[in-house]
Amino acid sequence: MDILNMMMGQGVVSTLADQLHNLFMLLFDNAVVAGFLMKCVGIGAILGIISVAAIVFTYGERKVCAFMQVRIGPNRVGGRFGLLQPIADMLKLMSKEDIIPQGCDRVVWALGPMLLFVPTALIYAFFPFDNGVALADVNVGIFLMLAISSQAVLPFLISGYASNSKYAFIGGMRTVAQMLSYEAPMVFSLLGVVMLSGSMRMSDIVNAQSEQLWFILMQPIAFVVFVISATAETNRVPFDLVEGEAEIVAGPFAEYSGMRWALFFLAEYANLLSVSILTTVFFLGGWNGPFLPGVVWFGLKVLAMVFVFMWFRWTFPRTRIDQMLAFSWKILLPLALVNVLFTGVGIYARQWM
Amino acid sequence: MFGEGLLTGMGVTWKHFWGKKETFCYPEEKLPMTERFRGGHLVLDHKKCIACSLCSLACPNQAIKLKIVPDAKKKRHMQSYVHLVGRCLYCNLCVEACNMHALSWDKNYAISSWHKEEMEDELVTAEGLAYFHEVMEKAKAEAEAEAKVAAEKAEAEKTGGDA
């Protein structure tokens, strides 16, 4: 009965957090210290989620890719299903030589991958993983999230610039063009969601979806625009012009090796996870769902979205840069604006019904 | 138009995602070879073989070294059948020459070896050798029994003739 209450009422994670908080209160008898420790635990949990996600997604990506190409993927390291493949990949990356290109701006060059990880990890603070489980459930959540995630443009540019390589620099320039162009339709597609839920707080948006329908049904155009621009924001195929291998080697990553390159890799998968979480929160009803605890529902929806993004990646060919920018400014942005207009009209019309 | 082709493409990858895979995990799984595949080692069915040595005669490269032993009843038996794999050109003439269909290929293509001594393949297995000895013993016993009977008969005739 106790377990049932826990699962139905408050949620597994927040119950756990409450008990941990009580333990800290018992140990230190000081609300400030306990609160600080709880925040540390939260940060540790988020970093843990990101690293576990990177490990699981490298394996998942290889398997999904292989299955879609009628192969079977990793099947040697760690048994029949190659379960230890990500560990082998990681060991390989860690044991690689750290090559510093000649004539690069060394400080900025070294700073690039580290800086890239900061905004990527920072936006996890606003995600509601379950009812009442968010590190910082601020009332301008979406706004802050967008502001911080758009900072990810700069590390790409500086690592491209500091590498002293023309391919890397072209890649860096492309990143700026691409990520700034796709920020606009992304923001406007989220505007419809914000108008419907009447709040920028992420947990309020999820709650609004439990009262009304899921927003994927009420805002299908916004959903499509958001998913497309999110793919572009994470620099994944079909919009992976930043690292278009066939054209510019690996873009800004071209001059990095070993663990520095692995940091880019980590940031890419952290971005993939955060974009999937955002889609879940804004359009798929967050933690809402029958029978299972909220966290489980949340996890399932996020993994489904991750699969969709991988599905995109292994289906579509890469676009050209001009096609991609034209698509953003000439199609996605007007669509998102029209969606905002119709949402406004709809909300206005409902007041008179 | 309007992303129709994209959806078609996603349908294709979705089907392939759940469909059968083309990859074989090679050392664990092996592709079955076709009916007429020539390669690997020869296999001798020691019960069918009549030791006629037609296979050895048919071989253009003299890749088959036989040791044929006649038993006590003058019937020929195979004691040793050495296939010199290094000389073999896999022409299949030996298999075709066999009237009793006692020769066949084992269709195992992974037969590379470290030393040239390993390229002399003995086809008469331990089981086949045991069979060979058994048959030899049996023939010897039968021949002895026959000789005994013949001797007794001769003896009887001799004494009968005397009487």
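For the structure, see preceding data.
Read on for a plain summary of the structure. Predicted model only: the values in this text are computed from it and were never measured.

Quick notes on the rules
- Residues numbered from 1 in each chain as written.
- Chains lettered and ligands numbered in written order.
- Predicted model: local features only at pLDDT ≥ 70, side-chain atom pairs only at ≥ 80, totals over all residues.
- Heavy atoms only, no water.
- Patch = residues over 30% accessible without salt bridge, like charges linked within 9 Å, V, L, I, M, F, W, Y side chains within 5 Å.
- Areas by Shrake-Rupley, 256 points an atom, 1.4 Å probe, with all protein chains shown as cover.
- Salt bridge = Lys/Arg side-chain N within 4 Å of Asp/Glu carboxyl O.
- Helix = DSSP H or I, 4+ residues; strand = E, 2+ residues; numbered from the N terminus.
- Contact = heavy atoms within 4.5 Å.
- Buried area = accessible area lost by both parts, 1.4 Å probe.
- Polar contact = N/O pair within 3.5 Å; in protein donor to acceptor, adjacent residues only side chain to side chain.
- Nonpolar A, V, L, I, M, F, W, Y, C, P; charged D, E, K, R; others polar.
- Buried < 20%, exposed > 50% of the residue type's maximum accessible area, 1.4 Å probe, protein only.
- Pairing = 2+ DSSP bridges.
- Expected span 1.5 Å × (residues − 1).
- Disulfide = S-S within 2.5 Å.
- 1 Å grid on protein atoms, 1.4 Å probe; cavity = no way out; pocket = protein on both sides within 12 Å on 5 of 7 lines; lining within 4 Å.
- Points joined across faces, edges and corners; volume = space filled by probe spheres on them.

### Structural notes on a nonpolar patch on the surface
Residue and element names in this part refer to chain A.
Here is step 1: On the surface, Val 52, Ile 55, Val 56, Val 77, Leu 84, Ile 87, Met 90, Leu 91, Met 94 and Met 259 cluster together to form a nonpolar patch covering roughly 820 Å² of accessible area.
Here is step 2: Looking at the nonpolar patch, the elements with two or more residues in it are α3 (31-68) and α4 (85-94).
Here is step 3: The element contributing the most residues to the nonpolar patch is α4, with four residues.
Here is step 4: Relative to the helices and strands, Val 52 resides in helix α3.

### Observations concerning the interface of chain A and chain B
Here is step 1: Across the boundary between the two partners, chain A contributes 15 residues, which contact 16 residues of chain B.
Here is step 2: Of all residues in chain A, Phe 67, Val 70 and Trp 311 of chain A give up the largest surface area on contact with chain B, accounting jointly for 37% of the area buried on that side.
Here is step 3: Counting across the interface, chain A meets chain B through zero salt bridges.
Here is step 4: Our enumeration of links across chain A and chain B arrives at four residue pairs in polar contact (both at pLDDT 80 or more).
Here is step 5: Secondary-structure elements contributing two or more residues to the side of chain A that touches chain B are α3 and α14 (294-313) of chain A.
Here is step 6: Partitioning the side of chain A that touches chain B into residue classes produces ten nonpolar, two polar and three charged.

### Structural notes on the pairing of strand β3 (residues 76-84) of chain B
All names here are of chain B.
Here is step 1: For β3, the tally of buried residues reaches seven of nine residues, placing the bulk of the element in the interior.
Here is step 2: Bridge count between strand β2 (residues 64-70) and β3: seven bridges; the pairing is antiparallel. Considered in β3, the bridge of Ile 68 is made with Met 78.
Here is step 3: As consecutive antiparallel partners, β2 and β3 are separated by five residues, and within that stretch Lys 74 has a phi angle of approximately 70°, a positive value.
Here is step 4: The sheet contact formed by β3 and strand β5 (residues 120-122) spans three bridges and is antiparallel. Each bridged residue has a counterpart across the sheet, and for His 83 the counterpart in β5 is Asp 121.

### Structural notes on helix α8 (residues 166-197) of chain A
Here is step 1: Relative to the 46 Å expected for 32 residues at 1.5 Å per residue, α8 of chain A spans 46 Å between its end C-alpha atoms, a close match to the ideal helical length.
Here is step 2: Note on α8 of chain A: the residue one or two positions beyond its end, Gly 198 of chain A, has a positive phi of about 70°.

### Section: the state of the cysteines
All names here are of chain B.
Here is step 1: Within the structure shown, the criterion is met by zero disulfides over all chains.
Here is step 2: Sulfur of Cys 55: no disulfide; nearest cysteine sulfur belongs to Cys 52 and is 6.2 Å away.
Here is step 3: Judged by its relative accessible area of 10%, Cys 55 is buried.

### Concerning helix α7 (residues 153-162) of chain A
Residue and element names in this part refer to chain A.
Here is step 1: The buried fraction of α7 is high, at seven of ten residues.
Here is step 2: Every buried residue of α7 is listed here: Val 153, Pro 155, Phe 156, Ile 158, Ser 159, Gly 160 and Ala 162.
Here is step 3: Where α7 is buried, its residues meet α5 (106-122), α8 and α13 (258-283).
Here is step 4: Note on α7: the residue one or two positions beyond its end, Asn 164, has a positive phi of about 60°.

### Re the environment of Met 25 of chain A
Residues and elements named next belong to chain A.
Here is step 1: Along the polypeptide, Met 25 turns up in helix α2 (residues 12-28).
Here is step 2: Overall, the relative accessible area of 29% leaves Met 25 in the partly exposed class.
Here is step 3: Sequence separation between Met 25 and Ala 250 is 225 residues; the distance between their C-alpha atoms is 50 Å.
Here is step 4: Not counting residues within four places of it along the chain, the set of residues in contact with Met 25 comprises Asn 30, Ala 31 and Ala 34.

### Digging into unusual backbone geometry
All names here are of chain B.
Here is step 1: The phi dihedral of Gln 62 falls on the positive side, at around 50°, and the residue is not glycine.
Here is step 2: Structurally, Gln 62 is set in the loop between α2 (54-58) and β2.
Here is step 3: Assessed through its relative accessible area of 47%, Gln 62 is described here as partly exposed.
Here is step 4: A positive phi is found at His 101, a non-glycine position, where the angle reads about 55°.
Here is step 5: Here His 101 is to be found in the loop between α3 (93-97) and β4 (103-105).

### Some details on the pattern of salt bridges
Residue and element names in this part refer to chain A.
Here is step 1: Under the definition given, this model contains eight salt bridges over all chains.
Here is step 2: Measuring nitrogen to oxygen at the nearest pair gives 3.6 Å for the salt bridge that ties Asp 204 to Arg 201.
Here is step 3: We note a salt bridge from Arg 236 to Glu 268, for which the minimum N-O separation is 3.6 Å. With a gap of 32 residues between them, Arg 236 in the loop between α11 (220-233) and α12 (245-248) and Glu 268 in helix α13 connect regions that are remote in the sequence.

### What about the side chain of Ser 199 of chain A?
Residues and elements named next belong to chain A.
Here is step 1: By the secondary structure assignment, Ser 199 is in the loop between α8 and α9 (202-211).
Here is step 2: The class of Ser 199 is buried, set by a relative accessible area of 13%.
Here is step 3: Of the polar contacts made by the side chain of Ser 199, one reaches the backbone nitrogen of Arg 201; its length is 2.9 Å.
Here is step 4: In terms of polar contacts, Ser 199 uses its side chain to reach the side chain of Asp 204, at 3.1 Å.
Here is step 5: Apart from residues no more than four positions distant in its own chain, Ser 199 is found in contact with Val 194, Asp 204 and Ile 205.

### Some thoughts on empty space enclosed by the protein
Gaps left between atoms show up when a probe the size of a water molecule is rolled over them.
Residue and element names in this part refer to chain A.
Here is step 1: The final tally for this structure, using the stated rule, is three cavities of 30 Å³ or more.
Here is step 2: Looking at the largest cavity, its volume works out to about 110 Å³.
Here is step 3: Lining the largest cavity are Ile 123, Ser 149, Ala 152, Met 179, Glu 183, Met 186, Glu 233, Thr 234, Asn 271, Ser 274, Val 275 and Leu 278.
Here is step 4: A per-element tally of the lining of the largest cavity places α13 first, with four residues.
Here is step 5: When grouped by side-chain class, the residues that make up the lining of the largest cavity number six nonpolar, four polar and two charged.

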